[in-house]
Amino acid sequence: MHAETAPAPRRRSPLIPLFIGFALALPFLGLFRIHPDGAFDLLALILAFTGGIYLGAALQGESRGKLIVESVFGAVMVVLGLLSLTWTPLWMALGFVLHGVWDLVHHTGGVRHGVRRWFPPFCAAWDWAIAAMVVFFS
């Protein structure tokens, strides 16, 4: 007799989170049209806040190496947010592009993380859509 085994969990396509991330970035098109300064300020704050989240998540980690890597990346996001407000919004675009790449590094297992599997592709799509808008409206 053969013992029954549970079916393997179904892997879901990252296309749905990618689409949703892109769709949730679209309202910023309207914000850029009606209040561009407010859009740039809000996005700089979001970028810096994202950097702070990485630091907080790293503090819960078990390794010193992860703490250093995540903290450095988080600090880079904060600095790019600040530079975007004081120099040019193109720093912000760079920050969102880098964050999208960082999301994909997390998604592919390059860095261990504690977020749901759908979140990195969702976030990368949002990041890159926002970066494109920042470049367009700069």
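Within each chain, residue numbers correspond to sequence positions counted from 1 in written order. Given that the model is predicted, a residue must reach a pLDDT of at least 70 before its local features are reported, and side-chain atom pairs must reach 80 or more before they are shown or counted; all residues, however, enter totals for whole chains, interfaces and linings. Heavy atoms from the whole structure form the basis of all side-chain values; hydrogens and water molecules are not counted.

Here we look at the overall build of the protein chain
- Think of it this way: any DSSP run of H or I at least four residues long counts as a helix, any run of E at least two long counts as a strand, and we number them from the N terminus. Along the protein chain, the regular secondary structure elements total six helices and zero strands.
- Listed N to C, the secondary structure of the protein chain is α-α-α-α-α-α in terms of helices and strands.
- Taking all 138 residues of the protein chain together, 33% fall into the buried category.
- What makes two residues a contact is simply this: any of their non-hydrogen atoms within 4.5 Å. Within the protein chain, counting contacts between residues at least 6 apart in sequence, those at least 24 apart form 70% of the total. A 1.4 Å probe rolled over the protein chains alone gives each residue an accessible area, and that area as a share of the maximum for its type sets the label: buried under 20%, exposed over 50%, partly exposed in between.

Some remarks on the side chain of His99
- Locating His99 in the fold gives a position in helix H5 (residues 90–107).
- Any pair of N or O atoms that falls within 3.5 Å is considered a polar contact. Within protein, one atom must be able to donate a hydrogen and the other to accept it, and sequence-neighbouring residues count only if both atoms are side-chain atoms. A polar side-chain atom of His99 sits 2.4 Å from a polar atom in the side chain of Asp127.
- Contacts of His99, omitting those with residues within four sequence positions, involve Thr50, Tyr54, Phe73, Met77, Cys123 and Asp127.

Considering helix H3 (residues 36–59)
- With 24 residues, H3 ought to run about 34 Å at 1.5 Å a step, and its terminal C-alpha atoms sit 35 Å apart, in line with that.
- Those residues of H3 not exposed but buried are Ala39, Phe40, Leu43, Ala44, Leu47, Thr50, Gly51, Tyr54 and Ala58. A helix is expected to span 1.5 Å for every residue after the first.

Considerations on the packing of helix H1 (residues 15–25) against helix H2 (residues 27–34)
- Axis lines are fitted to C-alpha atoms, over the contacting stretch for helices. Their N-to-C directions set the angle, which ranges from 0 to 180 degrees. Taken N-terminus to C-terminus, the directions of H1 and H2 make an angle of 20 degrees; their axes are 4 Å apart at the nearest point. One way to sum up the angle between H1 and H2 is to call them roughly parallel. Contacts from Ala23, Leu24 and Ala25 in H1 reach Pro27, Phe28 and Leu29 in H2.
- A per-class count over the contact of H1 with H2 returns six nonpolar, no polar and no charged. When an angle is under 35 degrees it counts as roughly parallel; over 145 it counts as roughly antiparallel; between 65 and 115 it counts as roughly perpendicular; any other value is oblique. Throughout this entry, Asp, Glu, Lys and Arg are counted as charged residues, while Ala, Val, Leu, Ile, Met, Phe, Trp, Tyr, Cys and Pro are counted as nonpolar. The remaining residues, Gly among them, count as polar.

Quick notes on the nonpolar core
- With 22 residues, the main nonpolar core has Phe32, Leu43, Met92, Phe96, Ile130 and Val134 as its most contacted residues.
- Of all the secondary structure elements, the ones that give two or more residues to this core are H2, H3, helix H4 (64–86), H5 and helix H6 (119–137).
- Those residues within four positions of Leu43 in sequence are excluded, and the remaining contacts are Phe28, Phe32, Met92, Phe96, Trp126, Ile130 and Val134. Put simply, buried Ala, Val, Leu, Ile, Met, Phe, Trp, Tyr and Cys residues joined by side-chain atoms within 4.5 Å make one nonpolar core.

What about the packing of H3 against H4?
- Running from N to C, H3 and H4 point in directions that differ by 165 degrees, and their axes come no closer than 8 Å. One finds that H3 runs roughly antiparallel with respect to H4. Crossing handedness for the pair H3 and H4: left-handed. Contacts between H3 and H4 involve Phe40, Asp41, Ala44, Leu47, Ala48, Gly51, Gly52, Tyr54, Leu55, Ala58 and Leu59 from the former and Lys66, Leu67, Glu70, Ser71, Phe73, Gly74, Met77, Val78, Leu80, Gly81, Ser84 and Leu85 from the latter.
- In terms of residue class, the contact of H3 with H4 is built from 14 nonpolar, six polar and three charged. For any pair of crossing helices, the crossing counts as left-handed if the nearer helix is rotated counterclockwise from the farther one by less than a right angle, and right-handed if it is rotated clockwise.

Points about the side chain of Ser84
- As for its placement among the helices and strands, Ser84 is situated in helix H4.
- Only 2.6 Å separates the side chain of Ser84 from the backbone oxygen of Gly81, close enough to count as a polar contact.
- When neighbours within four sequence positions are excluded, Ser84 is seen to be in contact with Ala44, Pro89, Trp91 and Met92.

Notes on the packing of aromatic side chains
- By convention, a stacked pair of Phe, Tyr or Trp rings (six-membered ring in the case of Trp) has centres within 6.5 Å and planes under 30 degrees apart, an edge-to-face pair has planes over 60 apart, and any other such pair is tilted. Within this structure, the stated rule accounts for 10 aromatic pairs.
- Where Phe32 meets Phe40, the ring centres are 5.0 Å apart and the plane angle is 70 degrees; that geometry is what we call edge-to-face.
- Looking at Phe32, the relative accessible area reads 2%, which means it is buried.
- Seen from their ring centres, Phe32 and Phe137 are 4.7 Å apart, and the 5 degrees between their planes marks the pair as stacked. Note that Phe32 is positioned in helix H2 and Phe137 in helix H6, a separation of 105 residues in sequence.

That's the geometry; what it means functionally is another story.
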